Amino acid sequence: MGEVKNNLKNLNKNQFIDLIGELYNKNKSVKEFFDFYVNPNEKELLSKYSEKVFEAFYPKRGFGYNLNEGKKL
């Protein structure tokens, strides 16, 4: 972690912004994090994940549940 921090500190502002933009475009979880950071809407996020968790444990089709998916969410 320390090496990454040192490398990030050596970037200028434009390089850092470009890096964040690239991460935003390539990684779904980073995109979701920054979208929430810019526009925090707890109710929408809770609703989205509660539906996914419910579906993991009570699937519409078939029987059983997906414990790993529920934990991951």
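Here's what I pulled together on the structure shown here. All values reported here derive from a predicted model rather than from experimental measurement. (Residues numbered from 1 in each chain as written. Predicted model: local features only at pLDDT ≥ 70, side-chain atom pairs only at ≥ 80, totals over all residues. Heavy atoms only, no water.)

## Topic: the overall build of the protein chain
When helices and strands are tallied, the protein chain shows 5 helices and 0 strands. For the protein chain, with 73 residues in total, the buried portion stands at 4%. (Helix = DSSP H or I, 4+ residues; strand = E, 2+ residues; numbered from the N terminus. Buried < 20%, exposed > 50% of the residue type's maximum accessible area, 1.4 Å probe, protein only.)

## Description of a nonpolar patch on the surface
Taken together, the side chains of Val 4, Leu 8, Leu 11, Phe 16, Leu 19 and Leu 23 make up a nonpolar region of the molecular surface, amounting to roughly 440 Å² of accessible area. When residues of the nonpolar patch are traced back to their parent elements, those giving at least two are helix 1 (2-9) and helix 2 (13-26). Examining the composition of the nonpolar patch, we find that 3 residues originate from one element, helix 2, more than from any other. Turning to its location among the elements, Leu 8 is positioned in helix 1. With a relative accessible area of 31%, Leu 8 lands in the partly exposed category. (Patch = residues over 30% accessible without salt bridge, like charges linked within 9 Å, V, L, I, M, F, W, Y side chains within 5 Å. Areas by Shrake-Rupley, 256 points an atom, 1.4 Å probe, with all protein chains shown as cover. Salt bridge = Lys/Arg side-chain N within 4 Å of Asp/Glu carboxyl O.)

## As for the packing of aromatic side chains
A full pass over the atoms with the stated rule returns 2 aromatic pairs. For the pair Phe 33 and Phe 34, a centre-to-centre distance of 5.4 Å together with 75° between the ring planes defines the contact as edge-to-face. With relative accessibility at 25%, the residue Phe 34 sits in the partly exposed group. The interplanar angle of 20° and the centroid separation of 6.3 Å between the aromatic rings of Phe 33 and Tyr 37 together place this pair among those described as stacked. Taken together, the residues span about one helical turn, with Phe 33 and Tyr 37 both in helix 3 (residues 28-38) at a distance of 4 residues. Both residues of the pair, Phe 33 and Tyr 37, belong to the exposed class. Here the aromatic cluster, defined as three or more aromatic residues joined through ring pairs, consists of Phe 33, Phe 34 and Tyr 37. (Phe/Tyr/Trp six-rings, centres within 6.5 Å; stacked < 30°, edge-to-face > 60°.)

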